[in-house]
Amino acid sequence: MSGTYLGMPSFPVAAREAVNNPTLRANLRHATHTIRAKRAVAVAELADWALLREAGKQIKDRTLRHLDTLLVELEEKVTAAGGVVHWAADAEEANRIVTELVVETGEREVVKVKSMATQEIGLNEALEAAGIAAYETDLAELIVQLGEDRPSHILVPAIHRNRGEIRDIFATTMGEWGRPAPDDLTDSPAALAEAARLHLREKFLRAKVGISGANFMVAETGTLVVLESEGNGRMCLTLPETLISVVGIEKVIPSWRDLEVFLQTLPRSSTAERMNPYTSTWTGTTDSDGPKAFHLVLLDNGRTATLADEVGRQALRCIRCSACLNVCPVYERAGGHAYGSVYPGPIGAILSPQLRGTQSDIDASLPYASSLCGACYEVCPVAIDIPEVLVHLREQVAEKGGKGHRLEKTAMKAAGWILNHPAALTAGERIASKTRALHPKTVPGASAWTDSRDLPALPEQPFRDWWKKNRT
Amino acid sequence: MRVALFVTCVNDAVYPSTGIAVVKLLERLGVEVDFPPGQTCCGQPQFNTGYRRETEPLVRRMGRVFEGYDHVVTPSGSCAAMVRDNYPRIAHKGSDPQLQQVADTLVPRMYELTEFLVDVLGVTDVGAYFPHTVTYHPSCHGLRMLGLGERPRKLLEAVKGLELRDLPGAEECCGFGGTFAMKNSDVSAAMGEDKVRNAASTGAEVLCGADNSCLMHLDGLLHRQGAPQRALHLAEILASTEEEPLG
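Residues numbered from 1 in each chain as written. Chains lettered and ligands numbered in written order. Predicted model: local features only at pLDDT ≥ 70, side-chain atom pairs only at ≥ 80, totals over all residues. Heavy atoms only, no water.

**Q** So what's going on with the sheet that holds strand 8 (residues 230-233) of chain B? Which residues, and what values?
**A** Residues and elements named next belong to chain B. With parallel pairing, the 4 strands of this open sheet are ordered in space as 6-5-7-8. Strand pairing shows two members of the sheet lacking a second neighbour, strand 6 (163-165) and strand 8, which therefore form its edges. For this sheet, the mean angle separating the axes of adjacent strands, direction not counted, is 35°. Across 3 bridges, the pairing between strand 5 (residues 133-136) and strand 6 is parallel. Along strand 6, the bridge assignment pairs V134 with L164. (Pairing = 2+ DSSP bridges. Helix = DSSP H or I, 4+ residues; strand = E, 2+ residues; numbered from the N terminus. Axes fitted to C-alpha atoms, helices over the stretch in contact; angles between N-to-C directions.)

Have a look at this one:
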């Protein structure tokens, strides 16, 4: 499984591949434009959308301000309901906890509900290293897993694949993981879904351990909540004897009353549905039904560091709806893999550098992977001002003076000096205008511009000279 | 009413015709315009690239240069948005009380051209004449940060002889994005190529916008492709009259 993001090239380099791949661009364009249009219709149905958006923002902000007490309340309620709470500071600790819990059961395989948190920490790879097979049961995650691929979208991890590619993946690899695909498998959606259903059913009925994430954790009752579309999640949450949920600490909300807001905004923003088909809630354990053991692993992994940044912390409001991906013109052309993280698109561009730091090439380049058009902020159901955070993070990257930024900083300082001395600026403009006949069509160092665009011809005189001549 | 023109650095050095058009247009509407020569740049390129500290002297300069004017008008949604949205942020982060004073006093007086025409002067028919087919690209900052809404359309629709054609995917970014055009040139060009393709599909002679930086990117693509369409700033269309038509 090639799930690693280590050694990713910077965003512009990684994006070039997708920009020059017409199949990928067509797949992405079709998918994002379809869901974008549907979402707009679903959102327009609610007269109080702006109020719901504001409410969601405020609930999340209040929660983040009181995260310490809410998490303690959650731990008390989960424990009282028969669950066991584990605290994980980072990916390594979380993976160790989960691996040990699975090993204790004596099992060698687990079924998984689609979960960004476990993707973030690379849990499948950690389990594999311990000799435990982790089976993804979400259709798109299954496609990614069988294709030895990486997810490229938060909600639709296989968005970059078309039907023909999926058929080929199923036909060649399903047999290696369990029940093979039927010999006469076609690329019709119904045939593909049926092949996946039969393949997965064996795993659901055999599994003794299930692993999930959660969309929300309700502190007042210690209840976890998952919203999903396929029903595979419900199978994983009810059939196994042991259930392990790995959840980022920012997913807690105070009460069920708060949940009401997100149950309206999340499905409409993500799948453009009024309500998602399956909403599962679970609270500890019961004698009569469901798992006999329940473990909750609360994951930090850079979240408290993010919380400490007063501008950047708004990224923790994210409810992973992926509306920002679907409207982003950069994501649409660059594809999800270019972001080098399980969190692609605009939210990934602000979340990954905060969770992981900006030391690597990819993380230092992510804050610049945006034209700052603001479409992401406009659709965000919890009003994360992504452009504001991008610029804020650019400042941090530029301050550190990493690769390419030392020279840039010198240039910015020089430009700053000129712009603060209008006489120097005027002289420069005049020289540029006077020598315009001599200007080459391409300028050394400006090939990033002139590879695809012509430079404008400079005018005879700058505006300030016209003004001086004609109006003073 | 004392009105100052903030022409912007791009218009000053590269597109002076836009600044001249604004002056002629406003004078035609009876506004006495002044151009304080101490002005340079709002600092957007620096700020958006992550150089906030380098932006601070420019913020102070903007405050000083435009002190005492009732209104400051600029033919750039992007630069108006820089002042209105980002100056308060810069003031909040910086340690200098002067920055806060600039934010407090300049922000409420800064107008993008179409806002000034429609909201302050209360006109949509500016007496312009432009007998051509035009499609309008609403730049992102004007569209989302300033919320210009229908103002530019209303102004264009009132121009005599002008036929306005809807631009498919109008609200999608053209891909300029300041230093984004250089730092992520492949993605930027891909976005721009889709934009000019959509603009060409309208069959309009002119691709109009209210931000010359976006238009510089789009015109550069049109020029490279040898396309018949040309990019033109909204102000130049509005300044064009039957007596003095734009060539």
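**Q** For the environment of V102(A), give the residues involved together with the corresponding values.
**A** All names here are of chain A. By the element assignment, V102 lies in helix 5 (residues 91-105). Residues V102 and S280, 178 residues apart in the sequence, show an inter-C-alpha distance of 23 Å. Not counting chain neighbours up to four residues away, the residues in contact with V102 comprise E107, V110, L127, I132, V209, I211 and I244. (Contact = heavy atoms within 4.5 Å.)

**Q** Help me get a handle on the pairing of strand 8 of chain B, residues and values and all.
**A** Residues and elements named next belong to chain B. Sheet topology places strand 7 (residues 206-209) next to strand 8; 4 bridges connect them, and they run parallel. Residue G209 lies in a different strand from strand 8, and its bridge partner there is H233. Between the parallel pair strand 7 and strand 8, the chain is carried across by helix 12 (residues 212-225), and the sense of this crossover is right-handed. (Right-handed = clockwise from strand over helix to strand, strands pointing away.)

**Q** Describe the pattern of salt bridges, and please don't skip the residues or the numbers.
**A** Residue and element names in this part refer to chain A. Scanning all chains against the criterion turns up 48 salt bridges over all chains. Between K112 and E136 there is a salt bridge, with the nearest N and O atoms lying 2.8 Å from each other. Taken together, the residues K112 in strand 2 (residues 109-112) and E136 in strand 3 (residues 133-136) connect sequence positions 24 residues apart. Judged by its relative accessible area of 1%, K112 falls in the buried class. Of the charged contacts, one joins D149 and R161 as a salt bridge, the two residues approaching to 3.1 Å between their closest N and O atoms. Highlighted residues: D149 in the loop between helix 8 (139-146) and helix 9 (163-177) and R161 in the loop between helix 8 and helix 9, separated in sequence by 12 residues. (Salt bridge = Lys/Arg side-chain N within 4 Å of Asp/Glu carboxyl O. Buried < 20%, exposed > 50% of the residue type's maximum accessible area, 1.4 Å probe, protein only.)

**Q** Please set out the nonpolar core residue by residue, giving values where relevant.
**A** Grouped together as the largest cluster of nonpolar side chains are 96 residues, with contacts concentrated most on F11(A) and Y87(B). Element by element, the count of residues in this core is highest for helix 5 (residues 77-93) of chain B, at 8 residues. Other than its neighbours up to four places away in sequence, Y87(B) contacts C42(B), L58(B), V59(B), M62(B), M82(B), V102(B), A103(B), L106(B) and V107(B). By size, the runner-up hydrophobic cluster in this structure holds 44 residues, among which are L64(A), L74(A), L142(A) and A158(A). (Core = buried A, V, L, I, M, F, W, Y, C linked by side-chain atoms within 4.5 Å.)

**Q** Explain the interface of chain A and chain B to me, and be specific about the residues and the numbers.
**A** Contact with chain A, which involves 64 residues of that partner, is made by 65 residues of chain B. Of the roughly 5500 Å² buried at the junction of chain A and chain B (both faces included), carbon and sulfur atoms supply 56%. Taken together, the links from chain A to chain B amount to 15 salt bridges. The partner of D12(B) in a salt bridge is R464(A), with the nearest N and O atoms 2.7 Å apart. Taken together, the links from chain A to chain B amount to 33 residue pairs in polar contact (both at pLDDT 80 or more). Here the element with the most residues in the side of chain A that touches chain B is helix 20 (residues 405-419) of chain A; it accounts for 8 residues. Residues that form the side of chain A that touches chain B fall into these classes: 30 nonpolar, 13 polar and 21 charged. (Buried area = accessible area lost by both parts, 1.4 Å probe. Polar contact = N/O pair within 3.5 Å; in protein donor to acceptor, adjacent residues only side chain to side chain. Nonpolar A, V, L, I, M, F, W, Y, C, P; charged D, E, K, R; others polar.)

**Q** A description of the packing of aromatic side chains should follow, citing residues and the corresponding values.
**A** Here the structure, examined in full by the defined rule, presents 11 aromatic pairs over all chains. Both rings, one in F6(B) and one in F66(B), keep their centres 5.7 Å apart while their planes meet at 70°; by these two values the pair is edge-to-face. Residue F6(B) is located in the loop between strand 1 (3-5) and helix 1 (9-13), and its partner F66(B) is located in the loop between helix 4 (52-65) and strand 3 (71-74); the two are separated by 60 residues in the primary sequence. Taking the relative accessible area as the measure of exposure, F6(B) reaches 0% and is therefore buried. Among the aromatic side chains, those forming a connected cluster through ring pairs are F463(A), W466(A), W467(A) and F35(B). When the ring centre of W449(A) is taken as reference, the NZ or CZ atom of R453(A) above it lies at 4.3 Å. Between the NZ or CZ atom of K183(B) and the centre of the ring of Y368(A), over which it lies, the distance is 4.4 Å. (Phe/Tyr/Trp six-rings, centres within 6.5 Å; stacked < 30°, edge-to-face > 60°. Lys NZ or Arg CZ within 6 Å of the ring centre and 35° of its normal.)

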